[in-house]
Every structure is written in C-alpha cells, then in structure tokens.
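Results of the structural survey
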Amino acid sequence: FLPFKAGRVYSLENMLRFLIIRLTLALIWIYQKTISFDHGFMRRFTIAGRCKFYPTCSEYAKGALLKYGILKGTMWTIGRLGRCNPWGKGGIDEP
C-alpha cells in the first residue's frame, strides 16, 4: 500500500505523516501476531478472554488511523479502549 504516485512531488510533511502511520500500523501488527488474545498465538491459552466488540480494539485502531490520521485516530482509539472494560456492553463499533 503506497499512496504515492510516480512523477509527483510530495511535501516532507506528507511523507512523514505516511511514515508515522505505517510505523504505527506495523506496531499494531506485531502486537496482534505476538501477545494479542484475539489474533496471536496467545488465543490458545484463553477460555473467554476474547474481545466483546466487533471489530477488536486493534482492528479498530488500524481503521481509525487510516480513516482519521495519526492524531484524531489515536484519540478515537483511546476512547474505544476506555469503553473496553468488564462492565461495558460491547457490540459493533466501527471507526
């Protein structure tokens, strides 16, 4: 996934924004593949420790970052993580 077109001139700000989002998405991917109870190998060790939201919080974070950018996407993700608790209802929650 590269949003850049050949032959066009891009500002340093846009290139840094793209790099930061890609690095953040890479960190989420690493989390999902290693210690996530919903996506990684740790799901084999849980009985009912699964996310009660759809999509999971890490998938929500990826969607929010791609839709809103790094700052607003991070704020949406923090809000979602605040709703993720044992007393929350859960359900479908798209970014």
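Residues numbered from 1 in each chain as written. Predicted model: local features only at pLDDT ≥ 70, side-chain atom pairs only at ≥ 80, totals over all residues. Heavy atoms only, no water.

The biggest cluster of nonpolar side chains holds 5 residues, and these are Ile-21, Leu-25, Ile-28, Ala-61 and Leu-65. At the level of secondary structure, the elements contributing two or more residues to this core comprise helix H1 (12-34) and helix H2 (57-68). When residues of this core are assigned to their parent elements, the largest contribution, 3 residues, is made by H1. Not counting the four nearest positions on each side in its chain, Leu-65 is found in contact with Ile-21, Thr-24, Leu-25, Ile-28, Ile-70, Gly-73 and Thr-74. (Core = buried A, V, L, I, M, F, W, Y, C linked by side-chain atoms within 4.5 Å. Buried < 20%, exposed > 50% of the residue type's maximum accessible area, 1.4 Å probe, protein only. Helix = DSSP H or I, 4+ residues; strand = E, 2+ residues; numbered from the N terminus. Contact = heavy atoms within 4.5 Å.)

Attention now goes to the state of the cysteines. In total, this model carries 0 disulfides according to the counting rule given. Here Cys-57 stays free of any disulfide, with the sulfur of Cys-84 as its closest cysteine sulfur at 4.0 Å. Judged by its relative accessible area of 15%, Cys-57 is buried. Overall, the relative accessible area of 37% leaves Cys-84 in the partly exposed class. (Disulfide = S-S within 2.5 Å.)

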